[in-house]
2 protein chains.
Amino acid sequence: MELFNDLTRRKELFTPIKEGEVTFYSCGPTVYDFFHIGNSRPFIVFDVLRRWLEYLGYKVTFVQNFTDIDDKMIKRANEEGITVKELAEKFIAEYYRDAKALGIRPPTVAPKATEHINEIIDTISKIIKNGHAYVSEGDVYFDVKSWPNYGSLCKQNLDDLEAGARVEPGEKKKDPLDFALWKAKKSGEPFWQSPWGEGRPGWHIECSAMSSKYLGENIDIHSGGVDLIFPHHENEAAQSEAASGNNKPFVNYWVHNGFLLIDNKKMSKSEGNFTTARAAMQKYPPMAIRFFMLSAHYRSPINFTPEALEQAANGVARLKNCIDDLNFASKSRVDNNSDFDIQIFEKELTDLKAKFTDAMNDDLNTAAAIGDLFGVVHLVNSSLKDNAALPEKFFELSKSAFDFYNDILGLPGQDENLSELDENEIENLITERTNARKAKNFKRSDEIRDFLKSKGITLEDTPQGTKWKLSVN
Amino acid sequence: MELFNDLTRRKELFTPIKEGEVTFYSCGPTVYDFFHIGNSRPFIVFDVLRRWLEYLGYKVTFVQNFTDIDDKMIKRANEEGITVKELAEKFIAEYYRDAKALGIRPPTVAPKATEHINEIIDTISKIIKNGHAYVSEGDVYFDVKSWPNYGSLCKQNLDDLEAGARVEPGEKKKDPLDFALWKAKKSGEPFWQSPWGEGRPGWHIECSAMSSKYLGENIDIHSGGVDLIFPHHENEAAQSEAASGNNKPFVNYWVHNGFLLIDNKKMSKSEGNFTTARAAMQKYPPMAIRFFMLSAHYRSPINFTPEALEQAANGVARLKNCIDDLNFASKSRVDNNSDFDIQIFEKELTDLKAKFTDAMNDDLNTAAAIGDLFGVVHLVNSSLKDNAALPEKFFELSKSAFDFYNDILGLPGQDENLSELDENEIENLITERTNARKAKNFKRSDEIRDFLKSKGITLEDTPQGTKWKLSVN
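Everything numeric here is computed off the predicted structure, so don't read it as measured data. (Residues numbered from 1 in each chain as written. Chains lettered and ligands numbered in written order. Predicted model: local features only at pLDDT ≥ 70, side-chain atom pairs only at ≥ 80, totals over all residues. Heavy atoms only, no water.)

With that settled, consider the side chain of Thr-67 of chain A. Residue and element names in this part refer to chain A. Within the secondary structure, Thr-67 sits in the loop between β4 (59–64) and α2 (71–80). Look at Thr-67 and you get buried, because its relative accessible area is 9%. Sequence-distant contacts of Thr-67, that is, excluding residues within four places in its chain, are made with Pro-29, Thr-30, Val-31, Met-73 and Glu-206. (Helix = DSSP H or I, 4+ residues; strand = E, 2+ residues; numbered from the N terminus. Buried < 20%, exposed > 50% of the residue type's maximum accessible area, 1.4 Å probe, protein only. Contact = heavy atoms within 4.5 Å.)

Given below as structure tokens:
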């Protein structure tokens, strides 16, 4: 397949380092809160890239980290009066719930920064040894001026970057562009032992350490949002290449998704248009959100508006209805003596699959690919409408087509259920609670309510019975 | 044609605002020195984009500015003990000499910042009136926080940009991201009157003011090197849109060329691999440099190495030799009774032209297009080799094919002559000087030498006669 590589700013034929295998690192969330709707875009689109590479026959090792120690984590934990570890555990669990609802598969490995302090220290030591970092009063800084290709990914010149940056009085770095690999301990912050004294990792180093541990020093694909190109990915590349010292690129294909705009504006807390994925899933079905994200090319800016989401929800409904109709008809309308032309039908399916494959191979053009999926919907719908009876093979072919498309795109997926509990468990507990309440066993009924609440399920007692929904923060 | 638009990070079908016309702004040089080899890349590739748009039938208005007032200009003029205006005049003349040698056509309009102070003041006034700039002790700053879409072109979030920036004690701006539109007068610097006191324009505002004057508030194409995306083009977009207040994008298609690397490293003064185009033209024929720039796609990084330049020089030589052979043969080998199959030849030429057109329409893929031009070279060479005599139409078709390709690509162009004088003028002056010297009229011979020197031509007296070459700084 062809992928747009931000290193060369061109579509390139994808060729992995090791035949048949793909090493793929994707930047994961900082687990200080629910992830926002803008972040759900890379999670969804690169989930599809991973699925497509697997379909093409590659063994994909997909690593996505959890950043569980940084300034934001420390600040939020202090605000909530809990430890950084407790905060991380809470939002890692929430990540998995939201991800599952959005049809995003768990990574092959999901390493946490705090569980890789040794690897981080090891990486920093290599960078120092190779002459590209220096120790300054317990901090360690990457020496940007020592790295001639700094700026190759973000396409900036050192001189221009330098123009806006300054070293503040009291700062410990030599040059304003230098960035921290290790930060000396400050009071009230978590810390670890290191050769440079007690402290904690800087912002960027964990990705270098963990991708190297799980994927090797030179990897095939690194993905993330376009706003991560600078400084995060530029710094990662400099760190990893300075540590490996093998003169090979850290990453062969840098792949970045475009911005998600909200009502045509960039999402930002100051604009007041900041939304978590969790909150968005209260308003729109999770599968509509996934469908919406895939309905544009991953590199284009995409505009999150009520109209666009309603359109996406309609798309999901049309797809589901078609599959339901197909299943229903397969129980009553099978007739192998039908005069339906199965050969033409099969040919049309094959043509659509070929178009879909071309679109996916063309830099993951899911927008076009979804068009082909709806070609199948149209074909199946009109076949069902125009023919009272259809041969068994029609049903086999149609179902296997939908299985193929839905496997790749992750549609329609396990809609609605955001909890780690499955719907049966929840319903059984609700029935038990209703019975306990009837028996005036309020201890047990409260226990069940609290247990469900701890799993992110809120109960609502109505005249028609007890309903459950997902809790919003 | 399709163009890769950095605003959407996708190839898009080019559709101009006004049918049949293209408004095209390209960032020109700061005229404090010869332009460097990296800068020759945008000048060459966007010259070809302009030629191609004209071939497609558009009336193209191509504006490229000269930055003739900024910190670098002031510093260099002080170092050389001349005025900023004298410095600018010198290097504007040098720009035209280098550009001519490299086959780069002069812009439709080449405005200078210092001749547009009124337009600059007017643009700044509009931005202030629309609430997006403020006056601070004689400086005027753009208020970045008031512009919600700041970062849409460079794909960065305000929060990330903010993280690395600080207001220094003593600075007059409210926010570290704010940038100067107007700078209050400092002693020893050129200055102009303004509603905010005496001063001079900031770094970015001239492009907004001049593109609006010559092309209108909303333009079709804006081009430049990829390193200009941030901050220059991001700031230009914010300024122009804040000034127009018409809720339309300043630019519909933002087009940026990739880095030029030297021996696989980014060119920088600190790396010691900094080269002017003038110096490069002393080592390699100018047309080899142009050919080299067009032999890669404009968005890809390109690696300037002696090997690549030799290969490019070979390419130019093969093309020239083929055209020379063709011209020579057209004088002696025409025979309309030749059994050469002119219909097949014409068909092959037509097919190559169609491929060339497709490549050029595909985001200006000059790399592929040059391949098609060499298809013609191969075809003409083998026809000349295999046939003692060829019909008149063969020569007509071949010549008109080369005229077409060379017009579009600007190859082989007016090679070697970097001066505003043409070769005949130079040769005549050299003959006159030689005669003056023979007549012991040293006053006249020195006068001629000095005149040529002022035009950038250095003379060298050798036993074989007087040679001339272009002066190197």
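There is more to say after this.
A few words on the sheet that holds strand β3 (residues 21–26) of chain B. Residues and elements named next belong to chain B. Across the sheet, 4 strands lie side by side as β4-β3-β9-β10; this open sheet has parallel pairing. Pairing within the sheet leaves two strands with one partner each, and these edge strands are β4 (59–64) and β10 (251–257). Averaged over all neighbouring strand pairs, the angle between strand axes comes to 20°, with direction disregarded. Pairing between β3 and strand β9 (residues 219–225): 3 bridges, direction parallel. Directly across from Tyr-25, in β9, lies its bridge partner His-222. Against the sheet, helix α6 (residues 205–215) touches β3, β4 and β9, its axis set at about 160° to β3. Along the sheet, helix α7 (residues 229–244) makes contact with β9 and β10, crossing β9 at roughly 160°. (Pairing = 2+ DSSP bridges. Axes fitted to C-alpha atoms, helices over the stretch in contact; angles between N-to-C directions.)

Moving on, we come to helix α2 (residues 71–80) of chain B. All names here are of chain B. Among all positions of α2, only Met-73, Ile-74, Arg-76 and Ala-77 are buried. Among the structural elements, α3 (84–101) and β8 (199–201) are those in contact with the buried residues of α2. Its side-chain oxygen placed 3.1 Å from the backbone nitrogen of Lys-72, Asp-70 serves as the N-cap of α2. Of the residues one or two after α2, Gly-81 is the one with positive phi, at around 65°. (Polar contact = N/O pair within 3.5 Å; in protein donor to acceptor, adjacent residues only side chain to side chain.)

Quick reminder: α-helices carry 3.6 residues per turn. Residues three or four places apart thus point the same way. Residues and elements named next belong to chain A. An ideal rise of 1.5 Å per residue puts 28 Å on 20 residues; helix α11 (residues 342–361) measures up with 28 Å between its terminal C-alpha atoms. For α11, the set of buried residues is Ile-342, Phe-345, Leu-349, Leu-352, Phe-356, Thr-357, Ala-359 and Met-360. Down the axis of α11, the buried side of the element spans an arc of 160°, and every buried residue falls inside it. Relative to its buried face, α11 has exposed residues pointing more than 90 degrees away, namely Gln-343, Lys-355 and Asp-358. Tucked into the core, α11 has its buried residues touching α1 (37–55), α12 (366–386) and α13 (392–409). Where α11 begins, one side-chain oxygen reaches toward the backbone nitrogen of Gln-343, 3.1 Å away; that side chain belongs to Asp-341. (Expected span 1.5 Å × (residues − 1). Arc of directions from axis to C-beta.)

Moving on, we get to the interface of chain A and chain B. A common measure of how large an interface is: the accessible area buried when the components associate. The partner chain B presents 35 residues to the 35 residues of chain A that form the contact. Buried area between chain A and chain B, both sides added, is near 3,400 Å², and the carbon and sulfur share of it is 44%. The interface formed by chain A and chain B holds 2 salt bridges in total. One salt bridge connects Arg-9 of chain A with Asp-6 of chain B, and the closest N-O pair in it is separated by 3.0 Å. At the boundary of chain A with chain B, the tally comes to 15 residue pairs in polar contact (both at pLDDT 80 or more). Of all the secondary-structure elements, those providing two or more residues to the side of chain A that touches chain B are α5 (158–163), α7 (229–244) and β12 (265–266) of chain A. (Buried area = accessible area lost by both parts, 1.4 Å probe. Salt bridge = Lys/Arg side-chain N within 4 Å of Asp/Glu carboxyl O.)

The transform that puts chain A on chain B rotates by 180° and translates by 0.1 Å along the axis, for an RMSD of 0.2 Å. The two molecules are tied by a two-fold rotation axis, judged by turn and shift. Comparing interface residues between copies, 100% of those in chain A also lie at the interface in chain B; the contact surface is shared. (Least-squares fit on C-alpha atoms with pLDDT ≥ 70 in both.)

Attention now moves to the packing of aromatic side chains. All names here are of chain A. Scanning all chains against the criterion turns up 59 aromatic pairs over all chains. Aromatic pair Phe-66 and Tyr-96: ring centres 5.7 Å apart, planes at 75°, arrangement edge-to-face. Highlighted residues: Phe-66 in the loop between β4 and α2 and Tyr-96 in helix α3 (residues 84–101), separated in sequence by 30 residues. Judged by relative accessible area, Tyr-96 falls into the partly exposed class, the value being 33%. The structure contains a cluster of three or more aromatic residues connected by ring pairs, namely Phe-35, Phe-43, Phe-66, Tyr-95 and Tyr-96. In this structure, Arg-299 is placed above the aromatic ring of Phe-4, and the distance from its NZ or CZ to the ring centre is 4.1 Å. Positioned above the aromatic ring of Phe-404 is the side chain of Lys-353, whose terminal nitrogen or guanidinium carbon lies 4.3 Å from the ring centre. (Phe/Tyr/Trp six-rings, centres within 6.5 Å; stacked < 30°, edge-to-face > 60°. Lys NZ or Arg CZ within 6 Å of the ring centre and 35° of its normal.)

This part takes up the environment of Phe-345 of chain B. Residues and elements named next belong to chain B. Inspection of the secondary structure puts Phe-345 in helix α11 (residues 342–361). According to the relative accessible area criterion, Phe-345 is buried, its value standing at 2%. Spatially, the C-alpha atom of Phe-345 lies 8.1 Å from that of Leu-379, the residues being 34 residues apart in sequence. With residues near it in sequence (within four places) discarded, Phe-345 still touches Phe-340, Leu-379, Val-380, Ser-383, Phe-394, Leu-397 and Ser-398.

The next thing to look at is the pairing of strand β10 (residues 251–257) of chain A. Residues and elements named next belong to chain A. Extensive coverage of β10 is indicated by the burial of 6 of its 7 residues. In this sheet, β10 lies alongside strand β9 (residues 219–225) in parallel orientation, the contact comprising 6 bridges. What sits directly across from Ser-223, in β10, is Val-255. For the crossover from β9 across α7 to β10, the handedness is right-handed. (Right-handed = clockwise from strand over helix to strand, strands pointing away.)

Attention now moves to the pattern of salt bridges. Residue and element names in this part refer to chain A. Counting across every chain of the model gives 64 salt bridges over all chains. Residue Glu-198 pairs with Lys-185 through a salt bridge whose shortest N-O separation is 3.5 Å. Within this pair, whereas Glu-198 is found in the loop between β7 (179–184) and β8 (199–201), its partner Lys-185 is found in the loop between β7 and β8, the two being separated by 13 residues in sequence. Since its relative accessible area comes to 32%, Glu-198 is described here as partly exposed. Judged by relative accessible area, Lys-185 falls into the partly exposed class, the value being 41%. Several salt bridges converge on common partners, so that one network encompasses Asp-33, Lys-75, Arg-76 and Glu-79.

This is a description of form; function is not addressed.
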